[in-house]
Amino acid sequence: MLEIIMRWTFETWYHAFIAMFIFFNILYWGITFIGLYLFRYLEKYHGLHQVDNHFVRPGQQRKEIWQSMRSIFVFSLQGIAIQQGLAHGWFQISYGFNWWFVPQVALLFLWNEVHFYAVHSLLHTRFMIKQVHWVHHHSKEPTVYSTFSFHWIEAFLLGTVILLPLLIYPFQAAAIISLPVLSLIINLLGHCNYDFFSKNKPDHVLKFSYRHSMHHKEGKGNLGFLLPWLDILFKTDSRK
Ligand SMILES: [Zn+2]
Ligand SMILES: [Zn+2]
């Protein structure tokens, strides 16, 4: 089934664009709404706490949704580049499925950590924050809709995460798909503004939701995605 869908997707450039646009919309709306209801349930019945300093700007969520749709448009254009890369034999995908799926997902997850940290550090240089990254930081208090709320250049830079894996190794199709799915789930937890592990210290490995919330509130520090170690290594952790 997955092979049929992916072969159709990469048959022509416009198939790639349409399929990516639908895929990222299903991902964005599906995961956002599941998260929204789950967080409300946990808040009501299990005492889940929001991170302090509530300041959702008027009209912020509508803007985040519009900007997320623009990012999905950019990701869909990048889908055309992937289709062209596959058609010309520069990129490879394997349609087999076996136990190698698990280490491949782990490897792609770790690559995503490194890629995100590098891109996010670049976005926090004086020039890039003024010209590009301010769009994402307009959400001083992140919401479930902030996940793809980027300037188009930021969307493009983050979307390049998949290019290197496609170039160097024929990863299994299911592992390739798991990257945006996993990434958006972590992204949602990072922007929902809840502190899921309120008793742990900020640099605890599971405290990533809190860390990214604080990144939005302070506008600096905690540049990593899920793991705290690159921030600790390069001394960019916020410590609050
Ligand atoms: Zn930032
Ligand atoms: Zn953010």
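Residues numbered from 1 in each chain as written. Chains lettered and ligands numbered in written order. Predicted model: local features only at pLDDT ≥ 70, side-chain atom pairs only at ≥ 80, totals over all residues. Heavy atoms only, no water.

### Section: the coordination of the zinc ion (ligand 2)
Taken together, the protein donors to the zinc ion (ligand 2) comprise H136 (NE2), H191 (NE2), H212 (NE2) and H216 (NE2), at separations of 2.0 to 2.1 Å. For the zinc ion (ligand 2), the four donor atoms are set out with angles of 93 to 154 degrees between them, so the coordination reads as irregular. Between consecutive donors of the zinc ion (ligand 2), the numbers of intervening residues give the motif H-x54-H-x20-H-x3-H. Between the zinc ion (ligand 2) and the zinc ion (ligand 1) the interatomic distance amounts to 5.9 Å. With H191 in helix α8 (residues 173-191) and H212 in helix α9 (residues 208-218), the pair connects residues that are 21 residues apart, well separated along the chain. (Donors = N, O, S within 2.8 Å, 3.2 Å for Na, K, Ca; no water. Tetrahedral: all angles 85-135°; square planar, octahedral: opposite > 155°, others 65-115°. Helix = DSSP H or I, 4+ residues; strand = E, 2+ residues; numbered from the N terminus.)

### A word on the environment of G35
By the element assignment, G35 lies in helix α2 (residues 13-45). On the accessibility criterion, G35 (5% relative accessible area) is buried. Along the chain, G35 and I162 lie 127 residues apart, while their C-alpha atoms are 25 Å from each other. (Buried < 20%, exposed > 50% of the residue type's maximum accessible area, 1.4 Å probe, protein only.)

### A closer look at the coordination of the zinc ion (ligand 1)
Within the protein, the zinc ion (ligand 1) binds to H120 (NE2), H124 (NE2), H133 (NE2), H137 (NE2) and H215 (NE2); these donor distances fall in the range 2.1 to 2.2 Å. Here H120 falls in the buried class, since its relative accessible area comes to 2%.

### Section: the packing of helix α5 (residues 126-137) against helix α6 (residues 152-159)
If you want to describe how two helices pack, look at the angle between their axes and the distance between the axes. Their axes nearest at 8 Å, the elements α5 and α6 cross at an angle of 85 degrees. In this view, α5 runs roughly perpendicular relative to α6, as classed from their interaxial angle. The residues of α6 that touch α5, namely those facing M128, V132, H133 and H136, are I153, E154 and L157. (Axes fitted to C-alpha atoms, helices over the stretch in contact; angles between N-to-C directions. Parallel < 35°, antiparallel > 145°, perpendicular 65-115°, else oblique. Contact = heavy atoms within 4.5 Å.)

### What about the nonpolar core?
Counting residues in each nonpolar core, the largest one holds 49 residues, and the members touching the most others are F24, V144, F148 and L166. With residues up to four places along the chain from it excluded, the contact list for F148 reads F24, Y28, Q67, S68, S71, I72, F75 and L184. (Core = buried A, V, L, I, M, F, W, Y, C linked by side-chain atoms within 4.5 Å.)

### Regarding the confidence of the model for the protein chain
On average, residues of the protein chain score 93 in pLDDT, and 98% of them reach the 70 mark or higher. When mean pLDDT is compared element by element in the protein chain, α6 scores highest at 98, while strand β1 (residues 49-50) scores lowest at 84. (pLDDT = per-residue confidence, 0-100.)

### Some details on the pattern of salt bridges
Under the counting rule described, the total for this entry stands at two salt bridges. Close ionic contact of R7 with E3 constitutes a salt bridge, the shortest N to O distance being 2.8 Å. Of the two residues, R7 and E3 are both situated in helix α1 (residues 2-9); the distance of four residues between them amounts to about one turn of the helix. Of the residues examined, R7 reaches a relative accessible area of 46% and is grouped as partly exposed. Assessed through its relative accessible area of 33%, E3 is described here as partly exposed. As a salt-bridge pair, D195 and K207 come within 3.1 Å of each other at their nearest N and O atoms. Within this pair, whereas D195 is found in strand β2 (residues 194-195), its partner K207 is found in the loop between β2 and α9, the two being separated by 12 residues in sequence. Residue classification places D195 among the buried positions, given a relative accessible area of 11%. Its relative accessible area of 4% is what places K207 among the buried residues. (Salt bridge = Lys/Arg side-chain N within 4 Å of Asp/Glu carboxyl O.)

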